[in-house]
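Now for the letters of each chain:
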Amino acid sequence: MTLRGGRSHRGRGTLFERESELAAVDEALGELAGMRHLGAEPPERPHGALLTVAAPAGLGKTTLLAEVRRRAAAKGCTVLYARGGDQEQGVAFHVARQLVQPQLAAMPEPELRSRLGSWYAIVGPALGLCAPSDGAPPDPQGLRDGLDWVLTHLAVRRAPVVLVLDDAHWADPESLSWLAAFAPRAEELPLLLVVAYRPEELPEYGEALRGLPGRSGQRPLGLEPLSAPAIAGLVRESLGSHADDAFCRECWAVTAGNPFEAVELTAKVHDRGLAPTENGAHLLRDLAAAVKGSGLIARLERLGASTVRFAWACAVLGTEISPELAAGVAGLGAEEATDAADRLRTARILTGVETLEFVHPLIATAVYRAIPGGVRVALHGQAAWTVTNAGLGPSAAARHLLETHPDGDGWVVQQLRAAARETIRAGAPDAARRYLARALREPPPFDDRAAVLYELGSASLLTEPATTVNHLRAALEEPITDPALRHGIVYRLSQVLAHSDRLVEASETLAREMRITTDPRVRLRLQAEQFMWDAFRADEPDSPARSRRLAKLADRLTGRDLTERYIIGLRTWDATLRGEPTDVVLRHAERALAGGLCWAPDEDRGFEVPVLVAMAFMYADRPGRTEELFVEGIADFEHAGWRGGHLSFAYTLLGHVRYRRGRLAEAEDFVRAGLRLAERVGPGTPAHWYAVGSLVQVLLARGRVTEAKEAAEAYDFGPPFPAAVVFPDSQTVYGELLLALGRTKEAAAELGSAGRRLDPRGMRNPAWCPWQLHLARAEAAEAPDRALALAHDAVERARQFGAPSAIGQALRAAAEISSGAARGKLLEESVAHLERSPAGYELACSLVALGTELRRTGHAGEAAEQLYRGLDAAVACGADGLVDRARDELAAAGLRPRPLHGAATDALTARERSAAACAARGLCPAEIAAELGLEEAVVVRLLSAVYRKVGTDQTGLAAALGEQDPGEPRGR
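From a predicted model like this one, the values you see are computed outputs, not experimental measurements.

**Details of the overall build of the protein**
Link 1 in the chain: A count of helices and strands for the protein gives 48 helices and 7 strands.
Link 2 in the chain: Dimensions along the principal axes, computed over C-alpha positions, put the protein at roughly 115 × 80 × 50 Å.
Link 3 in the chain: Every one of the 972 residues in the protein was classed for burial, and the buried ones make up 59%.
Link 4 in the chain: Sequence-distant contacts in the protein: of pairs separated by 6 or more residues, those separated by 24 or more amount to 67%.
Link 5 in the chain: Total accessible area computed for the protein in this model is approximately 38100 Å², and 51% of it derives from carbon and sulfur atoms.
Link 6 in the chain: Counting 111 positive and 127 negative side-chain charges, the protein places the centres of these two groups 2 Å from one another.

**Section: the sheet that holds strand E4 (residues 191-197)**
Link 1 in the chain: On the basis of which strands lie adjacent, the open sheet formed by 5 strands has the order E2-E3-E4-E1-E5 and parallel pairing. The sheet is open, and its two borders are formed by strand E2 (78-83) and strand E5 (221-222), each paired with just one other strand.
Link 2 in the chain: In terms of strand pairing, E2 meets strand E3 (residues 161-166) through 6 bridges, oriented parallel. Bridge pairing links Thr78 to Val161 in E3.
Link 3 in the chain: The sheet contacts of helix H1 (residues 19-32) involve strand E1 (49-54), E3, E4 and E5, and relative to E4 the element is tilted by about 155 degrees.

**Focus on the packing of aromatic side chains**
Link 1 in the chain: Counted according to the given criterion, the structure contains 14 aromatic pairs.
Link 2 in the chain: Ring centres of Phe607 and Phe649 lie 5.6 Å apart, and the angle between their planes is 50 degrees; on these two criteria the pair is classed as tilted. Here Phe649 lies in helix H32 (residues 645-661) and Phe607 lies in the loop between helix H29 (582-593) and helix H30 (608-619), a separation of 42 residues in the sequence.
Link 3 in the chain: Judged by its relative accessible area of 8%, Phe607 is buried.

**Thoughts on helix H18 (residues 373-389)**
Link 1 in the chain: Spanning 17 residues, H18 covers 25 Å between terminal C-alpha atoms, matching the ideal 24 Å at 1.5 Å per step.
Link 2 in the chain: Buried within H18 we find Val377, Leu379, His380, Gly381, Ala383, Ala384, Thr386 and Val387.
Link 3 in the chain: Those residues of H18 that are buried are in contact with helix H14 (305-317), helix H15 (323-330), helix H17 (361-370), helix H19 (394-401) and helix H20 (410-425).
Link 4 in the chain: Looking at the residues trailing H18, positive phi occurs at Gly391, about 80 degrees.

**Concerning the pattern of salt bridges**
Link 1 in the chain: Under the definition given, this model contains 57 salt bridges.
Link 2 in the chain: Between Glu816 and Arg812 there is a salt bridge, and its shortest N-O distance comes to 3.8 Å. Taken together, the residues span about one helical turn, with Glu816 and Arg812 both in helix H40 (residues 804-817) at a distance of 4 residues.
Link 3 in the chain: Judged by relative accessible area, which is 34%, Glu816 ranks as partly exposed.
Link 4 in the chain: One salt bridge in this structure joins Glu853 and Arg823, with 3.0 Å as the shortest N-O distance. Of this pair, Glu853 sits in helix H42 (residues 840-856) while Arg823 sits in helix H41 (residues 821-834), and the two are 30 residues apart along the sequence.

**Remarks on helix H39 (residues 784-801)**
Link 1 in the chain: Compared with the 26 Å implied by 1.5 Å per residue over 18 residues, the 26 Å span of H39 between its first and last C-alpha is a close match.
Link 2 in the chain: Buried residues along H39 sit against helix H28 (562-578), H29, H30, helix H38 (771-779) and H40.

**Let's talk about unusual backbone geometry**
Link 1 in the chain: In this chain, Glu442 is followed by Pro443 through a cis amide linkage whose omega measures -10 degrees.
Link 2 in the chain: Looking at the secondary structure, you find Pro443 in the loop between helix H21 (429-441) and helix H22 (449-459).
Link 3 in the chain: At Glu17, a position not held by glycine, the phi torsion is positive, near 55 degrees.
Link 4 in the chain: Relative to the helices and strands, Glu17 resides in the segment before H1.
Link 5 in the chain: With a phi close to 65 degrees, Phe93 is a non-glycine residue in the positive phi region.
Link 6 in the chain: Along the chain, the position of Phe93 falls in the loop between E2 and helix H3 (94-104).
Link 7 in the chain: Given a relative accessible area of 4%, Phe93 falls into the buried group.

**Side note on the pairing of E3**
The side chains of a regular strand alternate between both faces of the sheet.
Link 1 in the chain: Within E3, 6 of the 6 residues are buried, which leaves it mostly tucked inside the rest of the structure.
Link 2 in the chain: A two-sided burial pattern is seen for E3, the buried positions comprising Val161, Leu163 and Leu165 on one face and Val162, Val164 and Asp166 on the other.
Link 3 in the chain: Looking at chain direction, E3 and E4 are connected through 5 bridges and run parallel. Residue pairing in the sheet places Val161 in a bridge with Leu191 of E4.

**Some words on the pairing of E4**
Link 1 in the chain: Of all the 7 residues making up E4, 7 are buried; the element is thus mostly covered by neighbouring parts of the structure.
Link 2 in the chain: Burial along E4 is two-sided: the residues Leu191, Leu193, Val195 and Tyr197 and Leu192, Val194 and Ala196 are all buried.
Link 3 in the chain: Of the pairings in the sheet, the one linking E1 to E4 comprises 6 bridges and is parallel in character. What sits directly across from Val53, in E4, is Ala196.
Link 4 in the chain: Following the chain from E3 across helix H7 (residues 173-182) to the adjacent parallel E4, one finds a crossover that is right-handed.

**What about the side chain of Glu736?**
Link 1 in the chain: In this structure, Glu736 sits in helix H36 (residues 730-740).
Link 2 in the chain: Here Glu736 occupies a buried position and makes no salt bridge, while the nearest side chain of opposite charge, Arg777, is found at 6.9 Å.
Link 3 in the chain: Excluding its chain neighbours within four sequence positions, the residues that come into contact with Glu736 are Gln697, Leu700, Leu751 and His774.

**A few points about the environment of Gly684**
Link 1 in the chain: Here Gly684 lies in the loop between helix H33 (664-681) and helix H34 (686-701).
Link 2 in the chain: Since its relative accessible area comes to 57%, Gly684 is described here as exposed.
Link 3 in the chain: Counting along the chain gives 313 residues from Gly684 to Ile371, while the straight-line C-alpha distance between them is 48 Å.

**Observations concerning the environment of Ser507**
Link 1 in the chain: Counting through the fold element by element, Ser507 comes out in helix H25 (residues 503-516).
Link 2 in the chain: What makes Ser507 buried here is its relative accessible area of 5%.
Link 3 in the chain: C-alpha separation for the pair Ser507 and Arg434, spaced 73 residues apart in sequence, amounts to 30 Å.
Link 4 in the chain: When near neighbours in sequence (up to four residues on either side) are disregarded, Ser507 contacts Gln530, Asp534 and Arg537.

**Side note on the packing of helix H9 (residues 228-239) against helix H10 (residues 245-255)**
Two quantities define a packed helix pair, namely the angle between the axes and the distance from one axis to the other.
Link 1 in the chain: Interaxial distance between H9 and H10 falls to 9 Å at its minimum, and their mutual angle equals 115 degrees. In terms of orientation, H9 lies roughly perpendicular with respect to H10. The handedness of the crossing between H9 and H10 is right-handed. Each of Ala228, Ile231, Ala232, Val235, Arg236 and Leu239 in H9 lies in contact with H10, whose residues at this interface are Asp245, Phe247, Cys248, Arg249, Cys251, Trp252 and Thr255.
Link 2 in the chain: The residue makeup of the contact of H9 with H10, split by class, is 9 nonpolar, 1 polar and 3 charged.

**Let's talk about the packing of H29 against H30**
Link 1 in the chain: The N-to-C vectors of H29 and H30 enclose an angle of 145 degrees; their axes lie 10 Å apart at closest approach. In terms of crossing hand, the pair formed by H29 and H30 is left-handed. In this structure, H29 uses Val585, Leu586, Ala589, Glu590, Ala592 and Leu593 to contact H30, whose residues at the interface are Val613, Ala616 and Phe617.
Link 2 in the chain: Here the contact of H29 with H30 is built from residues that sort into 8 nonpolar, no polar and 1 charged.

Reading the values: the criteria
Residues numbered from 1 in each chain as written. Predicted model: local features only at pLDDT ≥ 70, side-chain atom pairs only at ≥ 80, totals over all residues. Heavy atoms only, no water. Helix = DSSP H or I, 4+ residues; strand = E, 2+ residues; numbered from the N terminus. Buried < 20%, exposed > 50% of the residue type's maximum accessible area, 1.4 Å probe, protein only. Contact = heavy atoms within 4.5 Å. Areas by Shrake-Rupley, 256 points an atom, 1.4 Å probe, with all protein chains shown as cover. Lys, Arg positive; Asp, Glu negative; His and termini not counted. Charge placed at Lys NZ, Arg CZ, Asp CG, Glu CD. Pairing = 2+ DSSP bridges. Axes fitted to C-alpha atoms, helices over the stretch in contact; angles between N-to-C directions. Phe/Tyr/Trp six-rings, centres within 6.5 Å; stacked < 30°, edge-to-face > 60°. Expected span 1.5 Å × (residues − 1). Salt bridge = Lys/Arg side-chain N within 4 Å of Asp/Glu carboxyl O. Right-handed = clockwise from strand over helix to strand, strands pointing away. Parallel < 35°, antiparallel > 145°, perpendicular 65-115°, else oblique. Left-handed = near helix turned anticlockwise from the far one by under 90°. Nonpolar A, V, L, I, M, F, W, Y, C, P; charged D, E, K, R; others polar.

The structure is reproduced here in structure tokens:
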């Protein structure tokens, strides 16, 4: 590809037969810098892209990338460079650190903290910018989001930026998977990504890179061997123009056009003083054989035993080799190591002085593979000791210890466990799992085996829950002398079982431990955990008995510690489900909060109880208090870097709160944000059920029935339903969807099944699950008496609970099934209750229903008033279907609907207006976040404020902002 074979001894020379590749590079760089091209208009703003180079070894990928870096620097671009290493593939974030550290590491700590803000403690340890904190580590998705932010920040602050990654096939999994996921965003930033890899060696975790479209949808640039004329040009540029045709053609024949081999061959010709003529051509084949493989190794061995050992040590250490470390691994003195390095440089095997590198990865691979197996293992063991003694830490030693044979060495176990702790806190649980699995094979001392199994299970928690269960159960079978360790294992095991929808096993695990525990405080903690998981069981055999035990226990507790407050919090939720009076619910909720509940992830406590207490306020018509608690919780999650399942739950449930308040556009935004996070966690998880159920419910409320059906089908939302209790209840929402689709018999079957599942468990609160209301509507035509009885029973349950929103909703359902004067009275009472509640959507529905009934019974004046109120309320809620129904009723009454209120856009802040303008163009919150350089959570909150102030949803923003005709379709 070039005169130079990648990392050869030569200076920059001519690039042969790479005109098309360089043209693509120049065009991408030109667009990135916003420069005008001949015959084309300049782009409106710098435009990024992705260029990939896929070719076998030796065809000049590195040389091409070096030219990219040179041209990018010449155009004033900031260049970020990293290179994968064969020996560093197992070092988490090795590539990410190479890219980012040179830009940030020199900053004083206060400036770095200020620059990274809340991301400092999340991404700092992964990038080697700070030590890991002692708190819970970030989840992998939270860390990836932080890395996205850092790279986006650099791209904007140092624009234009060119990121060059060489030997991507050897990049560590954490870095490569992050970059592959980030790459599509390059086009929206002043960022050019240029990545080179060997396609035949790309690992499974890098397959996403292979499938990414390159610039403008192009496939990767594939490099071909050089032609005979190109090799002739290379030879003459290196050896002189007097090199004759026969000699040049033989060079091409023996190297098969491989640029690396051709460059090395010309260097050897030069060193041997061989005339580049036909007379010396017959010697080329032997010289070429010494460039690679066995010929290279034979050449190395001729340099002497100490030089060979030094080369082996360098091959074991990988890239960016410290001469001092290499000497230590090789067991050489300083002078002997210096001489060896000089000989290897002269032989064009190594390059560099203060930091050594192999001239080409092919040479490094050949040297490493030539090391005898037993010697290689010993050298890795020596390397582990050497890097540890040099103060480089357990993580630097761990990658070498992975290559050694198990030998029952306690020091090895100690180093691997320490490295695992470092990598977990840095956000790389997969790497930690590799270290701990190797520690288990060492094996550890008998007394430490349970602890290693516990740590191994904890490292697998987020990615392989089934594996976690196996490790933790194995740990419990070991003799454990430390009670705190045993209890930690039990807590963690019950958590992972519960989160895997194996709630029965979680409860039984805790029950077994309670029977053998003598410490009363530990037994109370175990009991609290069991109460919690039993509360989520849809198949709990005797839920009322559990509720009585819980009530009796909670009533005598004072809330002196977190365990007691958790039990009181569970009592709060149980009272909510059972429909006990709201004053009872609120009293217990405030008791639970009196000493504080912890949302942030903890070693052995979940976030479920704080969520349940917050939701109890919502069902008791205190949604403002709920939102306060959720805002605090989301801040805790984001600060801790937990942006997977935890944040998905928080966004989804906050969307559910907005739905209950009748702010449907905001609800949809929050729920979709939660769903995007849930999709990253994986389908079939509780987070996914929560998010999809909430989305379907919101879409139905907005009148978008077809879209709700499509969402349910797309996400496989339907039977069989999860064993865990979720809210909104999945089966009830599914029944509501069937009812909206007109499939009343199927709806009645699902809703009846939901009732038979919930009622025996004492879950009788229609505020939490209105299955009775929907079932009454489904059965109204064929079984009106039963439907009416259901509706009235729901009204009585709602009155017992005492929340005006629940009473008003139940009264409207009863009115829909009733007839005569009773219908109007029920609707009037429904409106009266809902006017005292925060349930804006339910109020809008009851107002429209009351107006419709008044029009039907001939009370035109009163009907108009209620219909106009209902219309205004429906518009404010973003309930499009209800808006249409209200307008139809007004038209039927001979009344003209009032125009929509003008949007109060003057009240918007600058950031709110920017977010609104993006939303008006049809951008989703994630796209808006990328465009404005904000976190997605901030964008969601800005849009919520916009919708509240403007009084419309995303579909009406363009008209409200004066940027689009109301009838014009949206941009996306």
